[in-house]
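Observations on the three-dimensional arrangement
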There are 2 protein chains.
Amino acid sequence: MSNIHVNITDALGTVSQKAIEAMASEVRESVATLVEGTGAGNDFLGWVRLPENTPDSLVDDINATAARLRGECEVVVVVGIGGSYLGAKAVLEALGNPFDVYNKDARPQIVFAGHNIGEDYLHDLQQYLDGKQFGIVVISKSGTTTEPAIAFRLLKAQLEAAVGRDTAARRIVAITDAKRGALRTLATEEGYTTYVIDDNVGGRFSVLSPVGLLPIAIAGHDIKALLDGARERQKAILSGADKSAEVYATTRNALYRAGKKIEILVNYNPRLHYFAEWWKQLYGESEGKDHKGIFPAAVDFSTDLHSMGQWIQDGERSIFETVISVSKVDHEVRIPSDEANLDGLNFLAGKRVDEVNKMAELGTRLAHIDGGVPNILITIDALTERTLGSLIYFFEAACGISGYMLGVNPFNQPGVEAYKRNMFALLAKPGYEEETKAIRERIG
Amino acid sequence: MSNIHVNITDALGTVSQKAIEAMASEVRESVATLVEGTGAGNDFLGWVRLPENTPDSLVDDINATAARLRGECEVVVVVGIGGSYLGAKAVLEALGNPFDVYNKDARPQIVFAGHNIGEDYLHDLQQYLDGKQFGIVVISKSGTTTEPAIAFRLLKAQLEAAVGRDTAARRIVAITDAKRGALRTLATEEGYTTYVIDDNVGGRFSVLSPVGLLPIAIAGHDIKALLDGARERQKAILSGADKSAEVYATTRNALYRAGKKIEILVNYNPRLHYFAEWWKQLYGESEGKDHKGIFPAAVDFSTDLHSMGQWIQDGERSIFETVISVSKVDHEVRIPSDEANLDGLNFLAGKRVDEVNKMAELGTRLAHIDGGVPNILITIDALTERTLGSLIYFFEAACGISGYMLGVNPFNQPGVEAYKRNMFALLAKPGYEEETKAIRERIG
């Protein structure tokens, strides 16, 4: 099984081992609530056994669709927002080569849309797609979420104008509700290939469903290995053999209760930038409610040691760090020797770049601990499909446990509706007549 | 003059107008300290009059170098970390087309290096550069900062091997100290074109110096207009005609004193993502010291309404938002009508996408204010060189004022050294023998 090691030694200056142990019954109860499905939000627990419940036949089907799109398309646009794009983007970046965007032979390019309301963004995207063979993966449970619905309207019209309605229908894949909703209706009418978002899997827990699997497969990654990693982790956590998620959930709650209000997820590998964005949604949206919750933030080190490093070292002592450490990199680059040695780097000559990175990591951890920043260290072997599947499930499980320990429903997001209601009122959406009147009076 | 409007009306539920007025003498004192150069860190105030002090001849010279590199290079690698890359990247993204990376005719592509210690990143970069005509802009005051020094060693060797030492010397531009340091010495020996980082301009205040100007000019943007915008803002602020920076500095300090510990910089334009990263360094590194300082965070809306939106709406009431609102976009995209109207979007048919975006913005501001999140609204006309120059100077000036109001030296960054010392000790750098012994004993 791929390894995930959680080390809380360097958090124990702020919260004692005893305090952590005193939370043992609390965490056991939260785990039981989650596993037995007896808590708030228990109609959204489909993700708990999703890896196990995903049949090989679905994986094969997704891989076949991905292969078809790879064959037909130079570009695939993934249309979705929030949980409908962050998981896929996180895995694509973690496994990808950041310079493939410049490589015209790398195909298909995968780009995202419907995750903003940027008029210039959509203009530039449509201009880029003009004259190219492209496909669309549209991801929306309802089909009416504003951002993806606008983008999909524009892109569908563009694709149909370019290749005709029949070919367009073959190049569009919809991931949506099994039966209901605008996108399901349209997909049935047009004959799109479709995949189902289960009712009991919320957006931020959906990366191991077709929502994440199809874009990841289109990019050529091994989604079977991703699921295998998740399955192993699911089995280990649900059987109680693996306590890592409990340890992480307990420690972060203990730190929060001790006044550490901000958790900074730290990586030392640029490929993990979007993994942290995925994590921010997972934890922020699950826990930020009822006027409580750790504020999730993220940095890429050593890059951000030269921006947020000063604050972390010497600012308010209201933070803790959770480091994702990746033991092995994929490629070897050694630092060359230089006769003149003007930069004084010859003491590193012959060393691998990652050896320096690992010492930056250790040196930074020690400096921040000395500066009063508690530290949780999560170590994984490498950035592979299998380790990522495992890590995703680990963070999901820990999130459910942690939310119950915090005393919230980790699986709803009532606060996301407020801006939508105002927006619809301001845009005079049919059905919002009273709200429109009220908000217009308010803004004068 | 390009417009910057700061509206604090929606912060006044948390701090009263009276409380703000009571800080008038304090802010006046901070402004005087900054303008007269009588405060802590006053040997780093070169940025205050940098726009005015930048002669046209320097701008012309930078533009000539940029044109030469554009002519000779398919790719230019900008090597730098922290303030040596964030400002340029912020402006490039704010003015650029995000899909140009896929366009093989867009040249030169500008990529960054030396801002991480990623072995895979450097491997993938070197592979990408293989066989391409590339140049290097290396930015480092000393020439010995670990991250850029490693990247530059590798890339310089690659370039010299590919095109020979003479051609390489023509394709490398060094931005460094006027007289001292490893990079200055090397540049003199090799005959590189060079530009100077003034002693009194710190990294995070350097975007309007050659550090930012050269990469921005290489991308084809109008650096004269950027400086003009900054000059106008400098003149207005230093003459006292423009109080916007004082208002922003006062309000954020008032909110901080009222327990709002996290400032979230919000944009509704995806092009501003890296502008927020630049801002995070500017404020985080200037204020995060002596165990105080607002924690700077950032979100891209509406994207992150579907990740951090829940937390902001309903989490701990320890935050405030500062919104950068851009009045006009560059391109026009209208939402098409659709006969079937399955997605129910026909009420938006014919509207511009940005009209929807503006209602998302207003609707979100109202929702978050109702949720107990004080709001500072900063409005600019459009994303142009001129407005960006103006906005950069505004934020720099406000940062200096704000730091003095907080009671710190806004122009040092002592906390950034701690990790470096540990790293050098762990790597057994010559001169660190004692530290090496100590840290090895510590980690066992």
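Residues numbered from 1 in each chain as written. Chains lettered and ligands numbered in written order. Predicted model: local features only at pLDDT ≥ 70, side-chain atom pairs only at ≥ 80, totals over all residues. Heavy atoms only, no water.

1. A closer look at the nonpolar core
How we decide: As used here, the term nonpolar core means buried Ala, Val, Leu, Ile, Met, Phe, Trp, Tyr and Cys residues forming a set that is joined through side-chain atoms within 4.5 Å. The cut-offs for exposure are 20% and 50% of the maximum accessible area for each residue type, with area from a 1.4 Å probe on protein chains only; residues under the lower value are buried, those over the upper are exposed, and the others partly exposed. Here, two residues are considered to be in contact whenever any of their heavy atoms come within 4.5 Å of each other.
Residues Val77, Ile150 and Phe295 of chain A together with Val77, Leu125, Ile150 and Phe295 of chain B are the most contacted members of the largest nonpolar core, which totals 126 residues. If we skip the residues at most four places from it in the chain, Val77 of chain A touches Val111, Phe112, Ala113, Leu125, Leu129, Phe134, Gly135, Ile136, Val137 and Leu155 of chain A.

2. A short note on helix 13 (residues 273–287) of chain B
Since the α-helix packs 3.6 residues into each turn, any two residues three or four apart lie on the same face. Short version of the rule: Counting from the N terminus, the helices are DSSP H or I runs at least four residues long and the strands are E runs at least two residues long. Expected helix span is computed as 1.5 Å times (number of residues minus one).
The end-to-end C-alpha distance of helix 13 of chain B, which contains 15 residues, comes to 21 Å, matching closely the 21 Å that a straight helix rising 1.5 Å per residue would cover. Across the 15 residues that make up helix 13 of chain B, a large majority, 14, are buried.

3. Looking at the environment of Met23 of chain A
All names here are of chain A. Structurally, Met23 can be placed in the loop between helix 1 (17–22) and helix 2 (24–36). In this structure the C-alpha to C-alpha distance between Met23 and Ala254, which are 231 residues apart in sequence, comes to 8.3 Å. Dropping the residues within four chain positions of it, Met23 is found in contact with Thr250, Asn253, Ala254, Arg257 and Met405.

4. Regarding the interface of chain A and chain B
As a reminder, the rule being used: The term buried area denotes the loss of accessible surface (1.4 Å probe radius) that occurs when two parts are joined, taken as the sum for both partners. Put simply, a salt bridge is a Lys or Arg side-chain nitrogen that is within 4 Å of an Asp or Glu carboxyl oxygen. Any pair of N or O atoms that falls within 3.5 Å is considered a polar contact. Within protein, one atom must be able to donate a hydrogen and the other to accept it, and sequence-neighbouring residues count only if both atoms are side-chain atoms. Residues were grouped as follows: Ala, Val, Leu, Ile, Met, Phe, Trp, Tyr, Cys and Pro as nonpolar; Asp, Glu, Lys and Arg as charged; and all remaining residues, including Gly, as polar.
Counting residues at the interface gives 124 residues for chain A, matched by 124 residues for chain B. Taken together, the two surfaces of chain A and chain B that pack against each other cover about 10900 Å², and 66% of this comes from carbon and sulfur. At the surface where chain A touches chain B, the tally comes to 12 salt bridges. Scanning the region where chain A abuts chain B turns up 54 residue pairs in polar contact (both at pLDDT 80 or more). Of the residues forming the side of chain A that touches chain B, the biggest block, 13 residues, is contributed by helix 15 (residues 353–370) of chain A. Of the residues assigned to the side of chain A that touches chain B, the class counts are 57 nonpolar, 36 polar and 31 charged.

5. Overview of the packing of aromatic side chains
All names here are of chain A. Selection rule: Each pair of aromatic rings taken from Phe, Tyr and Trp, with Trp reduced to its six-membered ring, is defined by centres within 6.5 Å and is described as stacked if the planes are under 30 degrees apart, edge-to-face if over 60, and tilted in the remaining cases.
Under the defined criterion, the tally for this structure stands at 42 aromatic pairs over all chains. Plain terms: the ring middles of Trp47 and Phe411 are 6.0 Å apart, the flat faces sit at 45° to each other, and that makes the pair tilted. Of this pair, Trp47 sits in the loop between helix 2 and helix 3 (50–53) while Phe411 sits in the loop between helix 16 (385–406) and helix 17 (417–426), and the two are 364 residues apart along the sequence. One exposure class covers both Trp47 and Phe411, and it is buried. Plain terms: the ring middles of Tyr248 and Tyr283 are 6.1 Å apart, the flat faces sit at 70° to each other, and that makes the pair edge-to-face. A residue pair is termed long-range when its members are at least 10 positions apart, and Tyr248 in helix 12 (residues 244–257) and Tyr283 in helix 13 (residues 273–287) qualify at 35 residues. We classify Tyr283 as buried; its relative accessible area is 0%. Taken together, the ring pairs in this structure connect Tyr248, Phe275, Trp278, Trp279, Tyr283, Phe394 and Phe395 into an aromatic cluster.

6. Considering the domain arrangement of chain A
Residue and element names in this part refer to chain A. Worth spelling out the cut-off: A domain assignment, automatic or from a database, supplies the domain bounds used here.
Examined at the domain level, chain A breaks down into domain 1 (4–38 + 227–406) and domain 2 (50–221). Taking only C-alpha atoms, the centre of domain 1 and the centre of domain 2 are 30 Å apart. Facing the 23 residues of domain 1 at the interface are 24 residues of domain 2. In terms of surface lost to domain 2, no three residues of domain 1 exceed Leu227, Arg271 and Tyr274, which account for 30% of the buried area on that side. Our count for the domain 1 to domain 2 interface comes out at 1 salt bridge. Glu285 serves as the salt-bridge partner of Arg204, at 3.0 Å between the closest nitrogen and oxygen.

7. Some points on the sheet that holds strand 2 (residues 75–79) of chain A
Residue and element names in this part refer to chain A. For clarity, the threshold we go by: When DSSP finds at least two bridges between two strands, those strands are taken to pair. Lines fitted to the C-alpha atoms define the axes, with helices restricted to the stretch that makes contact. Angles between their N-to-C directions range from 0 to 180 degrees.
Spatial strand order, 3-2-4-5-6: 5 strands in an open sheet with parallel pairing. At either margin of the open sheet sits one strand with a lone partner, and together these are strand 3 (109–113) and strand 6 (193–196). For this sheet, the mean angle separating the axes of adjacent strands, direction not counted, is 20°. Bridge count between strand 2 and strand 3: 5 bridges; the pairing is parallel. Bridging across to strand 3, Val75 finds its partner in Gln109. In the packing of helix 4 (residues 56–72) onto the sheet, contacts are made with strand 2, strand 4 (134–139), strand 5 (172–176) and strand 6, and the angle to strand 6 comes to roughly 140°.

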